[in-house]
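Inside the fold
So you can see what is in the structure, the chains are spelled out below.
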Amino acid sequence: MQALDHATYLKLSAGAHVLERDRYGAKVLRLADGSFLKLFRRKRLLSSAMLYPYAQRFADNARLLSERRIPCPNILGVYRVGSLARDVVHYEPLPGDTLRQIYKARGEAAACVLHAQLGEFVATLHDQGIYFRSLHLGNVVLTPENNLGLIDIADLKGHSTPLGKSKRLRNFRHLLRYGDDRAWLLSSDNQVFFEAYLASTNLTVTNQFALRLKSL
């Protein structure tokens, strides 16, 4: 992580378009060259974010995902801007549309194919030990190459072994917590999404686990 003085930050962000903001100010900026700045506010002096800033976690998680061949943003730099009390990650966004954008635009068109593809993708994440608390359809991108990838990845952990059953079920609850996402994803009576997951995972699937999964 590099220290960035205020003048250099202003030069970097000149002409940027604010994509996200909250009551404290800008959170995500799109720069003139198409790259993004994501700003993380340090909320307390004594917090885990001081020891391991979220901007650095974002960058480290991008490296981890790339090593495991999961599409994700490309990191350009990680900075601490003392004048703003912000940590900043500079990155090239992952090309494509989120699954949430796609289903809102297309409705049920190609839903079955995307349900199966997402089931296979989540199985890959879990089998590779990736636990993403912010897993939802707004953070899963379909790339121009027709692959699925992840964005907004600060809240992610990579384990050296596949996820256990309880952690997998917990992660599915994260994925299904938004009503519109859930309604679209579970719209098929034959539960294509769950069936694709169970068929793709390396986990030894018991009837009990399958029933618990499908009852979420």
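As shown above, the structure is provided for reference.
This text gives an overview of the structure that appears in the document.

Reading the values: rules and limits
- Counting restarts for each chain, with residues numbered from 1 along the sequence as it is written.
- Local features are withheld for residues below a pLDDT of 70 in this predicted model, meaning they are given only at 70 or higher, and side-chain atom pairs are given and counted only at 80 or more; totals for whole chains, interfaces and linings count all residues.
- To obtain the side-chain values, all non-hydrogen atoms of the structure were included, while hydrogens and water were left out.
- Where helices and strands are cited, they refer to DSSP runs of H or I of at least four residues and of E of at least two residues respectively, numbered from the N terminus.
- This radius of gyration counts C-alpha atoms alone. The globule rule is 2.2 Å times how many residues there are, raised to the power 0.38.
- We call a residue buried when its accessible area falls under 20% of the maximum for its residue type, exposed when it is over 50%, and partly exposed in between, using a 1.4 Å probe and counting protein chains only.
- Should any heavy atoms of two residues lie within 4.5 Å, those residues are considered in contact.
- Surface accessibility in these figures is a Shrake-Rupley result with a 1.4 Å probe; residues are shielded only by whichever protein chains are displayed.
- A positive count includes Lys and Arg, and a negative count includes Asp and Glu. His and the chain ends are not counted in either.
- The atoms used to mark charge sites are NZ of Lys, CZ of Arg, CG of Asp and CD of Glu.
- Two strands qualify as a pair provided DSSP detects at least 2 bridges between them.
- An axis is simply a line fitted to the C-alpha atoms; with a helix, the fit covers only the stretch in contact. Between two such axes, the angle follows the N-to-C directions and lies from 0 to 180 degrees.
- For Phe, Tyr and Trp, where Trp contributes only its six-membered ring, two rings pair if their centres lie within 6.5 Å, and the inter-plane angle classes them as stacked under 30 degrees, edge-to-face over 60, or tilted in between.
- Orientation is classified from the angle alone, with under 35 degrees giving roughly parallel, over 145 giving roughly antiparallel, 65 to 115 giving roughly perpendicular, and any other angle giving oblique.
- Note: crossing handedness is left-handed where the near helix turns anticlockwise from the far helix by less than a right angle, and right-handed where it turns clockwise.
- Only Asp, Glu, Lys and Arg are considered charged, only Ala, Val, Leu, Ile, Met, Phe, Trp, Tyr, Cys and Pro nonpolar, and every remaining residue, Gly among them, polar.
- Nonpolar cores are built from buried Ala, Val, Leu, Ile, Met, Phe, Trp, Tyr and Cys residues. Side-chain atoms within 4.5 Å join them into one set.
- We define a polar contact as two N or O atoms separated by no more than 3.5 Å, with the added condition that, inside protein, one atom must be a possible hydrogen donor and the other a possible acceptor, whereas residues neighbouring each other in sequence contribute only through side-chain atom pairs.

Turning our eyes to something else, we now look at the overall build of the protein chain. Looking only at helices and strands, the protein chain features nine helices and eleven strands. A compact globule built from 216 residues should have a C-alpha radius of gyration of about 17 Å, and the protein chain, at 19 Å, falls within 12% of that. Principal axes of the C-alpha set define a box for the protein chain whose edges measure 60 × 35 × 30 Å. Across the 216 residues that make up the protein chain, the buried fraction comes to 46%. Residue pairs in contact within the protein chain that sit at least 24 positions apart in sequence constitute 64% of those at least 6 positions apart. Entry remark: accessible area of the protein chain is about 11300 Å², with carbon and sulfur atoms responsible for 50%. Positive and negative side-chain charges of the protein chain, numbering 30 and 19 respectively, have mean locations separated by a distance of 8 Å.

Glancing now at the sheet that holds strand 9 (residues 140-142). Taken in spatial order, the three strands make up an open sheet running 7-9-10, and their pairing is antiparallel. Only two strands of the sheet have a single neighbouring strand rather than two, namely strand 7 (97-98) and strand 10 (148-150). Across three bridges, the pairing between strand 9 and strand 10 is antiparallel. When the bridges of strand 10 are listed, Val 140 appears paired with Leu 150. In the packing of helix 5 (residues 111-127) onto the sheet, the strands contacted are strand 9 and strand 10, and the crossing angle to strand 10 comes to about 50 degrees.

In total, this model carries eight aromatic pairs according to the counting rule given. Their ring planes at 15 degrees and their centres at 5.2 Å tell us that Tyr 103 and Trp 184 sit as a pair that is stacked. Within this pair, whereas Tyr 103 is found in helix 4 (residues 99-106), its partner Trp 184 is found in helix 7 (residues 179-185), the two being separated by 81 residues in sequence. Assessed through its relative accessible area of 9%, Tyr 103 is described here as buried. The exposure class of Trp 184 is buried, given its relative accessible area of 5%.

With that settled, the discussion passes to the packing of helix 5 against helix 8 (residues 192-200). For the pair helix 5 and helix 8, the least separation of the axes is 7 Å and the interaxial angle reads 40 degrees. The pairing of helix 5 with helix 8 is recorded here as oblique in orientation. Crossing hand, helix 5 versus helix 8: right-handed. Within the contact between the two elements, helix 5 uses Cys 112, His 115, Ala 116, Leu 118, Gly 119, Glu 120, Val 122, Ala 123, His 126 and Asp 127 and helix 8 uses Val 192, Phe 193, Ala 196, Tyr 197 and Ser 200. Counted by class, the contact of helix 5 with helix 8 contains nine nonpolar, four polar and two charged residues.

Formed by 50 residues in total, the largest nonpolar core has its most connected members in Leu 65, Leu 99, Leu 118, Leu 150, Ile 153, Phe 172 and Leu 213. Beyond its immediate stretch of four places on either side in the chain, Ile 153 contacts Phe 58, Asn 61, Ala 62, Leu 65, Cys 72, Pro 73 and Phe 132.

Another aspect to go through is the sheet that holds strand 4 (residues 36-41). Strand order in the open sheet formed by six strands is 1-5-6-4-3-2, and the pairing between neighbours is mixed. Strand pairing shows two members of the sheet lacking a second neighbour, strand 1 (2-3) and strand 2 (17-22), which therefore form its edges.

Let us look at the pairing of strand 5 (residues 74-81). Pairing analysis gives two bridges linking strand 1 to strand 5, with the strands arranged parallel. Note that in strand 5 the partner of Gln 2 across the bridge is Tyr 79. In this structure, the hairpin formed by strand 5 and strand 6 (residues 86-92) is closed by a connection of four residues, where Ala 85 is found at a positive phi of approximately 55 degrees.

Pairing of strand 2 with strand 3 (residues 25-30), which is carried by five bridges, proceeds in the antiparallel orientation. Bridge pairing links Glu 20 to Val 28 in strand 3.

We now examine the side chain of His 126. For His 126, the location among the structural elements is in helix 5. Judged by its relative accessible area of 0%, His 126 is buried. At 2.8 Å, the side chain of His 126 forms a polar contact with the side chain of Tyr 197. Not counting chain neighbours up to four residues away, the residues in contact with His 126 comprise Pro 162, Leu 163, Arg 168, Asn 171, Phe 172 and Tyr 197.

Worth remembering: the numbers are spatial, not functional.
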